[in-house]
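Structure at a glance
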Amino acid sequence: MHQMTIGIEIHQQLDTHKLFCSCRSSLVEEEGTIFHRRLRPTQSEMGEIDRAVLAQAERRMHFVYQAPKGVSCLVEADEEPPHDADVEATQTALTVSTMLGAKVMDEVHFMRKIVIDGSNTSGFQRTALVAVDGSLDLNGRSIGILSICLEEDAARKVETKDRQVTYRLDRLGIPLIEIATAPDMHDPDEVKEVAQRLGSILRSTRKVKRGLGTIREDLNISIPDGARVEIKGAQDLGLIPTYVRNEVERQRSLVEIKCLLQERKATPVPIAAKDISGLLQGSRSKVIHTALSKGGKVFCAALPLFAGTMRSADGRLRLGAEMAQYARSRGVAGIFHSDELPAYGITAEEVQVIRKEFELNEMDAFALCADLADRAGPALLAAVARANQALVGVPEETRDPLPDGTSVYSRPLPGAGRMYPETDVRPILIETERLRQIGENLPELPEARTARLMRVYGINEQQSRQLVREGHDDLFEEVSKDHSMAAVAARTFLSSYPELQKEGVELNGLSDDSVKAAFSALSAGKFAKEALPAILRELAKGQEVDHAISVLGLGAMEQGEAAQIIDAILNERADFVREKGSASVGPLMGVAMKELRGKIDGKEAADLLRKRVELFLKT
Amino acid sequence: MSYSERARQLLASSKASEGDTVRLKAGGKEHVGILMPHHEFSHPDVIVIKLKSGYNIGVRIDERSELSLELKAQDRPVRPGTIETSGDKPIISFLGTGGTIASYVDYRTGAVHPALKAEELVATVPELSEICRMRSKVVFSIFSENMDVEHWQSLAVAVAEELNDGVEGVIVPHGTDTLGFTSAALSFMLGDIPRPVVLVGAQRSSDRPSSDSYGNLLSAARLCVGTDAAEVFVLMHGETSDSYANVHRGTKVRKMHTSRRDAFQSVNTSPVARVGLQGDLETLSECKIKSRVKVTPEVRMEKDVALLHFYPGMSPDMVKKIMQGQRGLVMAGTGLGHVSREMVQVLKETVAQGKPVVMTSQCLGGRVNLNVYDTGRDLLSAGVIPGEDMLPETALIKLMWVLGRTERPEQVGLMMLKDLRGEISERREL
């Protein structure tokens, strides 16, 4: 049996108009007109209210929307019915489906998928299934493609304050292609490769957006005895293997907790919380003191036989963290549990008082939550409900990815019942003739592109494949219009980029345009190629190329100036040069380059040094 | 478009009905899912099924396609709406008429349908029971564009019955397209009423999480219970934000946008009141207050009255022909209330035949004034009745109603010029 099973969903923004109106699909800085709305859960077409929808409704959110001009209109404001689906976006979805060998539906129907977190003003996301049953070849293995959908992106969350969330409507309605793979992957690194490959297929259509946030992945991960958990919206491809490894570890520890609890014959805990504010009146815990002084309460729930599962001594079992995440989703800052107490200002005596109150022995645990009563109560109950799930195993849930490679609970996994027909949008009949024409005019596939880059630009196969896989191919071709730049460009994208990233340089700040400008300055001889990484480092901070050149003192140097610098070096080390003769060139190269790096080309510097040494020895 | 013969036969031979799980083989593909109704805009050869994932897809069938029944749909018990009838809160009566506010997704047809019973509607807004006790009745269930004089009459009778039964208010969920016509008709037919009659609509259907129907219904109930106002009102969303609803006088309100939530606006006057979606009430202008009067609805109306929108080059002959079968005419003229010289002649002849002609303005905003220009003076001399600042639609309803009372021209003129139900305002403020 496989140790892990992973499927991914990839969401790629398209560079067309919005899916259901003629707005530009780009993100802007302006807030635009402000309005606010509330959403209510409604019955689905089948008469049931979805569990994920209910979980959101419990939070009773109030939403503020920013509607910037040009990129949002009455359609995004839910004040006008959607127009027909964008033809270019539809065409792109059909092209990608064909490239993945998927079967396209005879007629594509848009649906309303209920989402009431406010990210869609309507309360639903419009989505259509375009094709099914495709496949992707990866290193000789076939990865199944379950579905290709065309859908609208959600509004962009710009702020969450107390219970109020602010969204900007610029992103709402941007077309997304969603590709879902079968759960055919069993290795964290393979997942990254599949994502990269799907990315290069999507990019080959030339109709997709580039840059951070324009492609997002959902990872569906399960282990034997675990459950399907969805990590939703990972943006950094490089972190995918880490998300997978961490989730596998998390599920393994939850399975372990389940076994432990079963051994102890633990049973579900009543979903009840007791007000113990009286017991902790004089507590020096900051959290408890703050809650009580603003009129709040401390609620506590006993968790018989749970001791050591909330946080084991070795830190591997961390049910407490899971419970805290459920509690936080109800609006509190967190919970305390007995495995971590005494701590946080709660004394050993107070722990004993609580244990006595609930008649707990050492195998038993408890959790408490302090906040305003209408938050602390429900939050603790959610945490207790989560504790009970540990008896069953890993709960199915949706989790948010964090930048450190871990994830946090976001909501239960949505069921299938939350879709009903979008009657305002006409279904699209896909004629066979249209598919035939698409099939005959497919964009260049990644393999063909790899071969062409090698042939045209004279780079090696490994470089070419890596450029295509990592999505540098378009920019590479752009900057290598001057073919003499090709080798530098390949090295820059494949070596300098990772090095810069390791240094902590924010490569997302590096726009395609500024990279192009850097290469054209290089090609015009404004600086030497050795200085390129330093230039890029400046550009990533938002500097202009010319500014970067002058800040770094990299104005390309006249030979005469360089000769003067070399002569000074030789004069300082006159004895050494005379002693070693022409053999001093090698050792002096490092010294010279320290002064000349970026100002003149390395090879040029070596030639110049050799000549000046010869001259020096002659005089 | 409906099914092709081929699709119909395939469906018939499979014995599958909508809602059943079916297996469909077509074009080398095989799909299992729930058989859905044919979409109106689907190709005739397309059968729509709902996959397990929740997605609907259209499958185009040919002569080799196979359809088999996998599983019969289970009868889903319809959850009955529970309505709070005990307690001492005032009773509000809900009279259903259909329309977006009372609609749901009918998965048999895939469309939004105005068929939700008032009980069910009320049951989906449980907050109502914190405001009032409810009783409800479906008077009819139609799209509001299909409304006609008979519907107004039966609605007026039903409303009067409820009012005379002592309820604290009557709320009429109504499609928005002709909401303003119905509110004007009820205003004239009901006359003085002891308690408010509030027509509410929704610009976003109640199947959607973003629907404005909930806020509008709750605000209508709060208005009935929380104020002394007793007229026929239209209550609708006040602005694009979910902040407040405006209460409009039934004779001064018009749908001014095809799709926005705040489509309804008071014209030539301010709204009567504003109801915050949090429950706060604010009075903006005076109105009639609650009393103990009994309502005797006067529902007679002359149906053959035309409303015409004048435009440059409008054919006088066409109007002449139209007027042959009509008993009266409301003209929405240009500017202060003008029509072409030839048209003045036609209107003169119409008046001479004993058919009253009322002039309103297609500007909507402002008052008709036939004293300023020659054309206006000619119209007055021709016997045309200036419609003051009445909305053209309100003038139409009023003329229908007035002609139901009297046919004597001078009597008609007097009644049309007199403010009967707040339809004419003396003053218009900046």
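1. Brief notes about helix H13 (residues 486-503) of chain A
All names here are of chain A. The terminal C-alpha atoms of H13, which comprises 18 residues, lie 24 Å apart, in line with the 26 Å expected from a rise of 1.5 Å per residue. Within H13, the axis deviates most sharply at threonine 492, by approximately 40 degrees. Listed as buried for H13 are Ala486, Val488, Ala489, Ala490, Thr492, Phe493, Leu494, Ser496, Tyr497 and Leu500. Looking at the buried side of H13, the elements it contacts are helix H10 (446-457), helix H11 (461-469), helix H12 (473-479), helix H14 (512-523) and helix H15 (532-540). Remark: glycine 504 follows H13 within two positions and exhibits a positive phi of approximately 100 degrees.

2. Quick look at the packing of H14(A) against H15(A)
Residues and elements named next belong to chain A. The interhelical angle for the contact between H14 and H15, taken along N-to-C directions, is 145 degrees, at an axis separation of 11 Å. By crossing handedness, the relation of H14 to H15 is classed as right-handed. The residues of H15 that touch H14, namely those facing Ser514, Val515, Ala518, Phe519 and Leu522, are Leu532, Ile535, Leu536 and Leu539. Residue classes in the contact of H14 with H15 are distributed as eight nonpolar, one polar and no charged.

3. Comments concerning a nonpolar patch on the surface
Residue and element names in this part refer to chain B. Together, Tyr311, Met318 and Ile322 make up a nonpolar patch on the protein surface, roughly 230 Å² of accessible area in all. If you trace the backbone, isoleucine 322 turns up in helix H6 (residues 316-324). Judged by relative accessible area, which is 30%, isoleucine 322 ranks as partly exposed.

4. Section: the nonpolar core
By size, the foremost hydrophobic cluster in this structure holds 107 residues, and its most contacted members are Ile179(A), Phe306(A) and Ile47(B). Once you skip the residues sitting within four places of it in the chain, Ile47(B) turns out to touch Tyr3(B), Leu10(B), Leu11(B), Leu24(B), Leu35(B), Ile57(B), Gly58(B), Val59(B), Ile61(B) and Leu67(B).

5. Considering the interface of chain B and chain A
Between chain B and chain A, the residue contacts involve 48 residues of the former and 49 residues of the latter. Roughly 4100 Å² of surface becomes buried between chain B and chain A when both sides are summed, with 52% attributable to carbon and sulfur atoms. For the pair chain B and chain A, the interface holds seven salt bridges. A salt bridge links Glu79(A) to Arg204(B), with the shortest nitrogen-to-oxygen separation between them at 3.4 Å.

6. Focus: the confidence of the model for chain B
All names here are of chain B. Confidence in the prediction for chain B averages 90 pLDDT; 91% of positions are at 70 or higher. Long-range and interchain partners of residues 77-81, a stretch whose pLDDT sits below 50, account for five contacts in this model, where long-range means more than four residues apart. Two numbers describe this predicted complex: its pTM, 0.83, and its ipTM, 0.91.

7. Thoughts on the packing of aromatic side chains
Taken as a whole and judged by the stated rule, the model has 11 aromatic pairs over all chains. Aromatic side chains Phe63(A) and Tyr167(A) sit 6.2 Å apart centroid to centroid with 50 degrees between the ring planes, which places their arrangement in the tilted category. Remark: Tyr167(A) occurs in strand S10 (residues 164-168) and Phe63(A) occurs in strand S3 (residues 62-67); sequence separation between them is 104 residues. Accessibility assignment for this pair places Phe63(A) and Tyr167(A) in one class, buried. Pairing Tyr326(A) with Tyr409(A) gives two aromatic rings, centres 3.6 Å apart and planes at 15 degrees, and the pair type is stacked. Taken together, the residues Tyr326(A) in helix H6 (residues 319-328) and Tyr409(A) in strand S19 (residues 407-412) connect sequence positions 83 residues apart. The two residues Tyr326(A) and Tyr409(A) agree in class, both being buried. An aromatic cluster is present here, built from Phe35(A), Phe63(A), Tyr65(A) and Tyr167(A) joined pairwise through their rings. The ring of Phe358(A) has Lys274(A) lying over it, and the distance from NZ or CZ to the ring centre is 5.5 Å. Over the face of the ring belonging to Tyr244(B) we find Arg274(B), whose NZ or CZ atom lies 3.9 Å from the ring centre.

Parameters and conventions
- Residues numbered from 1 in each chain as written.
- Chains lettered and ligands numbered in written order.
- Predicted model: local features only at pLDDT ≥ 70, side-chain atom pairs only at ≥ 80, totals over all residues.
- Heavy atoms only, no water.
- Helix = DSSP H or I, 4+ residues; strand = E, 2+ residues; numbered from the N terminus.
- Expected span 1.5 Å × (residues − 1).
- Bend = angle between axes of the 7 residues up to and from the residue.
- Buried < 20%, exposed > 50% of the residue type's maximum accessible area, 1.4 Å probe, protein only.
- Contact = heavy atoms within 4.5 Å.
- Axes fitted to C-alpha atoms, helices over the stretch in contact; angles between N-to-C directions.
- Left-handed = near helix turned anticlockwise from the far one by under 90°.
- Nonpolar A, V, L, I, M, F, W, Y, C, P; charged D, E, K, R; others polar.
- Patch = residues over 30% accessible without salt bridge, like charges linked within 9 Å, V, L, I, M, F, W, Y side chains within 5 Å.
- Areas by Shrake-Rupley, 256 points an atom, 1.4 Å probe, with all protein chains shown as cover.
- Salt bridge = Lys/Arg side-chain N within 4 Å of Asp/Glu carboxyl O.
- Core = buried A, V, L, I, M, F, W, Y, C linked by side-chain atoms within 4.5 Å.
- Buried area = accessible area lost by both parts, 1.4 Å probe.
- pLDDT = per-residue confidence, 0-100.
- Phe/Tyr/Trp six-rings, centres within 6.5 Å; stacked < 30°, edge-to-face > 60°.
- Lys NZ or Arg CZ within 6 Å of the ring centre and 35° of its normal.

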